Amino acid sequence: MKQRSLLMPALVLGGLVVSSSAFAAKTLVYCSEGSPEGFTPSLYTAGTTFDASSRAMFDRLVHFKRGTTEIEPGLAESWEVSGDGLEYTFKLRGGVKFHTTKTFTPSREFNADDVLYTINRQLREDHPDHKLSGGTYEYFNGMDMPNLIKDVQKVDDLTVKFVLNAPEAPFIANMAMDFASILSAEYADQMREAGTPDKTDLEPVGTGPFQLAGYQKDAVIRYQAHPGYWAGKAAIDNLVFSITPDAAVRYAKLQAGECHVMPYPNPADIEAMKADPDINLMEQEGLNVGYLAFNTEKEPFTDKRVRQALNMAINKAAIIDAIYLGAGVQAKNPIPPTIWSYNDAVQDYPYDPEKAKAMLAEAGYPDGFETDIWAMPVQRPYNPNARRMAEIIQADFAKVGVKAEIVTFEWGEYLKRSKAGEHQTVLLGWTGDNGDPDNFLHVLLGCAAADGANRARWCHKPFDDLLMQAKRTTDVAERTRLYEEAQVVFKEEAPWFTIAHSVVFKPIRNEVKEFRIDPFGGHVFYGVDLEQ
Amino acid sequence: MFRFLLTRVSLIIPTFIGVTLLTFALIRLVPGDPIELLVGERGIDPERHAMLRAELGLDKPLLEQYGIYISNVLKGDLGNSIVTKEPVLKEFFTLFPATIEISVCAILFALLIGIPVGILAAVKRGSVFDYASMGVSLTGYSMPIFWWALLLILLFSVNLGWTPVSGRISVFYFIEPVTGFMLIDSLLLNEKGAFLSAVKHLVLPSLALGTIPLAVIARMTRSSMLEVLSEDYIRTARAKGLSPLRVVSVHALRNALIPVITVIGLAVGVLFAGAILTETIFAWPGVGKWLVESVRRRDYPVLQGGVLLVATTVMIVNLIVDVLYGLINPRIRHKRA
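Residues numbered from 1 in each chain as written. Chains lettered and ligands numbered in written order. Predicted model: local features only at pLDDT ≥ 70, side-chain atom pairs only at ≥ 80, totals over all residues.

A. Structural view of the overall build of chain A. On a plain count of helices and strands, chain A comes out with 19 helices and 19 strands. Taking 2.2 N^0.38 as the reference for a compact globule, 532 residues should give roughly 24 Å; the C-alpha atoms of chain A span a radius of gyration of 25 Å, in line with that estimate. Considered along the principal axes of its C-alpha atoms, chain A spans approximately 75 × 60 × 40 Å. The buried share among the 532 residues of chain A stands at 53%. (Helix = DSSP H or I, 4+ residues; strand = E, 2+ residues; numbered from the N terminus. Rg over C-alpha atoms; globule rule 2.2 N^0.38 Å. Buried ≥ 20, exposed ≤ 12 C-beta atoms within 10 Å, placed from the backbone.)

See the structure below:
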C-alpha cells in the first residue's frame, strides 16, 4: 500500500506546495471524531469538546501528569490544606500569559481574579456571566461543586483560598478536571463592557499551550502554539483537528498520511493496523469499568447469597473473548488497576455453575427464578456490545436455572429508567473523571447515590462509612488503606458482577513522537513532537 | 401563468404546516430525553432535571409548545441548539453552502453523463452499449452509498493516491469563509493550488452522491427518448431528409427532456437524503450530518428548524422545476390556466 509523509498531501493532493511560511513549520493533524460543542469547557460535558478546548487551549490550577492520573502543579505552584480539611490555599504561578487574539490583548498576567471569575461564574447564580451562552454547568453540578464550595477568596494577587462546606479529599483532583479550566476575567469584563459578552465563549482566550487560529464548524479546527506558554512553547508549531466522524475514513486518512493521530479505531481494523509498518498502534488499559448491577432493593437480589451465586454463574473469560475480542481485561474490583488503592489481593469469584446452583438452592431458589437483564442500546468504551453480552449472560443464567429476559430501551430512556430502579439487573459502566478512587466508589456505590448513579441501589453502611472516612482525610496512605478495605467489603457483598476494563487503542503514524495515551480518554498534544 | 404560479405557491402553506407538525410530533414521539443524553451515565438530580426542562420549555403542554414554536418560526426565530446553544439559523447557513456545493456538483455530474448516455442508448437501442450502460446504471442505482463511497476512497485515495480521502480542502490551506462555497472561496484566496485542492476534494463525494441520480437520469432519458423517437413528427422530420443528428438533438431532445426535468426536481430530495451518508463518510461539513447528529442527541430545535429549512428548499426547487416544466411544455401551462 502506498504511503507518504504528511507534508506530501500539499504536493500530491493539493497539487502544489503551499507557499505560506506558516505551514513549512511542524503541523500535526489529528483526525478527531466529532465537532466540539463549543470552546468554553465549563459549559459542556463531552470528551470531544474537552480535546478541542480545555486540553489544548486552557490550564487548570493543577494538572494530570501527561499519560497518568497523578496530579502535578499547573497554574498553582503549590497548595496547602487546613487541618480540618475545609480550606485549600493555592499559591498561584507568576508570569503566566494569556493568549493574544484579534479581539483581545491582555494588559496583565494571570492572577487570582481569573480563578475567582472561573469558579464564581459557575457557582453564583447572581454572577453577571452565570447565564452567558445558556450556561448550566452540568459537570460542575454533576461533581456536586455547588454544595461543596462555600466560598472562594482572593488572599492576594497570587493566592486563592477555597472554603469547603465539608472535608472532601478528592477536591484537588476535581480542580484538575476540565470544568475548572481557567478563563480570563479581564477578557470577560472587556467583552461585557463592549456589549459583546458572547465573544467570551465564542472567541476563547486561555493560558494553554495552543491558541485558536480558526474553526470551521464540522470541518476543521486550527491552533497555533502559544509563543509565551509558561511551561515552554509546544514542540509542534501548528495543531489541526480534521473532523472525521467515520472510523473507517479516519483510518484511510491515517494510511494516506492525511492525519497523524486518530481516535477510536474500528475493532475490525486493529489487526491491519498492527501489521502496517507506518503505523504505531499504541494501547493502554482504559480508566473504566463495565459491570452488571443487581438491583438490591428487589427480591431475590436483596439476598447476598443470590448475588454471589450469580457472580459464579457467569463465564467472565468467555465474555472477554467474545465481546472485547481480547481488548479487555477481567475486572474483579469496581475500580481499574491503573487507579491508586486498587486492591490486587481481592479474589474474584470463580466460574463455578455447580456451586452457584447449590448456593441458589441454599438461598431458597432450588429451581432458580425469573429475572431480566437490561442491555444498553449503544456501544460504550467499557462495553462494545451490550446486547451480545446480555445473550451470553442469559445463557449462563439458564444453566443455573435462572430464566432471564433481555430488555433494552433507547439510550436516554435506558439511563432514566435504570436510574429510577425499574430493572432487576442492568448492564452499565463508567469512565473515570479525575483518577480518584472516590470517583468510582462513592459515585457508583455510595449511599448518597442509591437513587441515582448507584444502579445496584446498594446502601451498605460498613462500606459507606469507609468511603466517608476516606473523604475526610487527605493522607493518601490512610485513604489507600480505607479504599482497599472497601473493595474487600464490595466483593463479599457482590452488588455487581464486575465484567471488564477495556483496552484503549490509539493508532498514530511513526513520525509522531512522545505521544501518550491519556487514561481519561482525552487527547493531549502538548509535549508531542513530529519527526520530519 | 399567474394562476398556475398562485396554485403552486398556495400548496406550499399546507406542506409547511405538515412539515412543522410532523417533525415536532415525531421527535417527541421517539423516546429519549435531551437532558439525560447530555449528562450520560453521570445522571442528574430530579430537581435540576425539572429546572432544565423548564428552561428549555419542555415542561409545557405539547400543544402550547407547538404554538410557541410556530409563532417563533413566523417571527423568523428557529430557536437555539440545545447542545451548542447557538442559533439554529446561524448554524444552518454556515453549513448549507457545503451541502449545496456537493449537491450541485453531484447533479451536474449526473446530468453531464446521464443525458448523453441515455440518448446514445436510445438511439443505439438493442446494441451492446445500450445493454451495458443500462446494466451499469441499474447497478449504480442499487448501490448502497456508504459502501460505494468507502470503495471509492480505498481505490482512489488509499491505493492510487489520486484524490484526498475526505474534507473540503487540504488542511494546509487556511480559508476564511466568504461565500461558504469552497470553490469560490479558494479562488478568492488567489492561490492556484487552493482551487485545485478544493476541486480534488469534490471529486469523490460528487461521484458517490451523483451515482443514483445519474442512473435514474440515464434510464429516464433513454425511455423518454425512445418514446419520442417513435412519434409521427420525428418520422416526418426524418422523411424531410434532416440529418439524424439534427432530428435527435433538435426535434426529439426538447420533448424527451420534459420528464427528465421532473426527475431532476425529485432528485433534489434524493440528494438531501444521500447527502446525509455522503457527508458523514467524506467528513463534509453540511446540513445532512448536522441533522443526523441532532436526532441522535434529541436536539429538538435543530431537528425542527433544520428539517423545515431543508423542506422549504426542496419545495422551492420543485416550484422552479414546475415553472420550467410549464415553460418547456406549453400544454401544461394552458391546461391549468
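B. Quick look at the overall build of chain B. Helix and strand content of chain B: 14 helices and zero strands. Ordered by position in the sequence, the α and β elements of chain B form the string α-α-α-α-α-α-α-α-α-α-α-α-α-α. Based on the C-alpha atoms only, the size of chain B along its principal axes is roughly 85 × 55 × 40 Å. Of the contacts made within chain B by residues no fewer than 6 positions apart, 74% connect residues no fewer than 24 positions apart. (Contact = placed C-beta atoms within 7 Å.)

C. The environment of Val83(B), seen in detail. Relative to the elements of secondary structure, Val83(B) occurs in the loop between helix 4 (62–74) and helix 5 (88–123). Filtering out sequence-adjacent residues up to four positions away, Val83(B) remains in contact with Glu37(A), Arg297(B) and Asp299(B).

D. Layout of the sheet that holds strand 5 (residues 87–92) of chain A. All names here are of chain A. With antiparallel pairing, four strands are arranged side by side in an open sheet as 4-5-7-6. Looking at strand neighbours, the two that pair on one side only are strand 4 (76–81) and strand 6 (149–156), the edges of this open sheet. Strand-to-strand, the axes of this sheet are offset by a mean angle of 20°, without reference to chain direction. Pairing geometry for strand 5 and strand 7 (residues 159–164), over five bridges, is antiparallel. When the sheet's bridge partners are listed, Phe-90 is paired in strand 7 with Val-160. Each of strand 5, strand 6 and strand 7 is contacted by helix 4 (residues 112–123), which is oriented at about 165° to strand 6, the strand it contacts most. (Pairing = 2+ DSSP bridges. Axes fitted to C-alpha atoms, helices over the stretch in contact; angles between N-to-C directions.)

E. Molecular detail of the interface of chain B and chain A. Facing 51 residues of chain B, the contacting portion of chain A comprises 54 residues. Tallied by class, residues from the side of chain B that touches chain A come to 23 nonpolar, 14 polar and 14 charged. (Nonpolar A, V, L, I, M, F, W, Y, C, P; charged D, E, K, R; others polar.)

F. Structural context of the sheet that holds strand 10 (residues 238–242) of chain A. Residue and element names in this part refer to chain A. Strand order across the open sheet formed by four strands is 1-10-9-8, with mixed pairing between neighbours. The two strands at the open ends of the sheet, each matched to only one other strand, are strand 1 (27–30) and strand 8 (210–216). Going from strand to strand, the sheet's axes swing by 20° on average, the running direction of each strand aside.

G. Here's a closer look at the nonpolar core. Ranked by size, the top nonpolar core spans 221 residues in total, and within it Leu427(A), Phe525(A) and Ile217(B) carry the most contacts. When residues in this core are grouped by element, the largest group, 17 residues, is from helix 9 (residues 192–229) of chain B. The residues contacting Phe525(A), other than those within four sequence positions of it, are Leu28(A), Tyr30(A), Ala56(A), Ile236(A) and Leu239(A). (Core = buried A, V, L, I, M, F, W, Y, C linked by C-beta atoms within 7 Å.)

H. How the structure looks around helix 8 (residues 185–193) of chain A. Residues and elements named next belong to chain A. Burial in helix 8 covers these residues: Ala-185, Glu-186, Tyr-187, Ala-188, Gln-190 and Met-191. Buried-residue contacts for helix 8 involve helix 4 and helix 9 (199–202). Residue Gly-195 follows helix 8 closely and has a positive phi angle near 80°.

I. The arrangement of the packing of helix 11 (residues 244–281) of chain B against helix 13 (residues 300–328) of chain B in detail. Residue and element names in this part refer to chain B. As a packed pair, helix 11 and helix 13 sit with axes 9 Å apart at the nearest point and diverge in direction by 180°. With respect to helix 13, the axis of helix 11 lies roughly antiparallel. Taken together, the residues of helix 13 that come into contact with helix 11 (itself represented by Arg-254, Ile-258, Ile-261, Thr-262, Ile-264, Gly-265, Val-268, Gly-269 and Phe-272) are Val-310, Val-314, Val-317, Asn-318, Val-321, Leu-324, Tyr-325 and Ile-328. Looking at the contact of helix 11 with helix 13 residue by residue, the class counts come to 12 nonpolar, four polar and one charged. (Parallel < 35°, antiparallel > 145°, perpendicular 65-115°, else oblique.)

J. Quick look at the confidence of the model for chain A. Here chain A averages 90 in pLDDT, and 95% of its residues register 70 or above. Per-residue pLDDT stays below 50 along residues 1–23 of chain A; that stretch engages in 49 contacts with residues further than four places along the chain or on separate chains. (pLDDT = per-residue confidence, 0-100.)

K. Spatial organisation of the environment of Pro177(B). Here Pro177(B) shows up in the loop between helix 7 (145–159) and helix 8 (182–188). As a C-alpha pair, Pro177(B) and Leu214(B) span 37 residues in sequence and 30 Å in three-dimensional space.

L. Up close: the pairing of strand 14 (residues 370–374) of chain A. Residue and element names in this part refer to chain A. In the sheet, strand 14 pairs with strand 15 (residues 403–407) via five bridges, with the strands oriented parallel. Looking at the pairing, Trp-374 lines up with Val-407 of strand 15. For the handedness criterion, the β-α-β arrangement of strand 14, helix 15 (residues 386–399) and strand 15 is classed as right-handed. (Right-handed = clockwise from strand over helix to strand, strands pointing away.)

M. Quick peek at the packing of helix 1 (residues 2–29) of chain B against helix 4 of chain B. All names here are of chain B. Orientation of helix 1 relative to helix 4, taken along the N-to-C sense of each, is 135°, at an axis distance of 11 Å. When the interaxial angle is binned, helix 1 and helix 4 end up oblique. Two packed elements cross with a definite hand, and for helix 1 against helix 4 that hand is right-handed. In contact with Thr-20, Phe-24 and Arg-28 of helix 1, helix 4 contributes Leu-62, Tyr-66, Tyr-69, Ile-70 and Val-73. In the contact of helix 1 with helix 4, the residues fall into six nonpolar, one polar and one charged. (Left-handed = near helix turned anticlockwise from the far one by under 90°.)

N. Focus on the environment of Lys154(A). Residues and elements named next belong to chain A. Assignment of secondary structure puts Lys-154 in strand 6. Using a count of 14 C-beta atoms within 10 Å as the deciding quantity, one classes Lys-154 as partly exposed. Put simply, Lys-154 and Ala-112 are 42 residues apart on the chain and 5.9 Å apart in space, counted from C-alpha to C-alpha. Once residues lying within four places of it in the same chain are set aside, the contact partners of Lys-154 are Ala-112, Asp-113, Leu-116 and Val-160.

O. Looking closely at the pairing of strand 12 (residues 288–294) of chain A. All names here are of chain A. With seven of its seven residues buried, strand 12 lies for the most part within the structure. Burial along strand 12 is two-sided: Asn-288, Gly-290, Leu-292 and Phe-294 and Val-289, Tyr-291 and Ala-293, pointing in opposite directions, are all buried. As defined by bridge partners, strand 12 adjoins strand 16 (residues 425–431) across seven bridges and the pair is classed as antiparallel. Bridge pairing links Ala-293 to Val-426 in strand 16. One ladder, built from four bridges, connects strand 12 with strand 17 (residues 496–509); its direction is antiparallel. Across the sheet, the residue bridging to Tyr-291 is Thr-498, located in strand 17.

P. Fine view of unusual backbone geometry. All names here are of chain A. Residues Glu-299 and Pro-300 are joined by a peptide bond in cis, for which omega reads 0°. Its location among the elements puts Pro-300 in the loop between strand 12 and helix 12 (304–313). Of note, Ser-133 is a non-glycine position whose phi angle comes to about 55°, a positive value. Within the secondary structure, Ser-133 sits in the loop between helix 4 and helix 5 (138–142). Of note, the phi angle at Tyr-137 is positive, near 50°, even though the residue is not glycine. For Tyr-137, the position within the fold is in the loop between helix 4 and helix 5.

Q. Up close: the confidence of the model for chain B. When pLDDT is averaged along chain B, the result is 85; 97% of the residues meet or exceed 70. As scored by the predictor, the complex reaches a pTM of 0.85 and an ipTM of 0.82.

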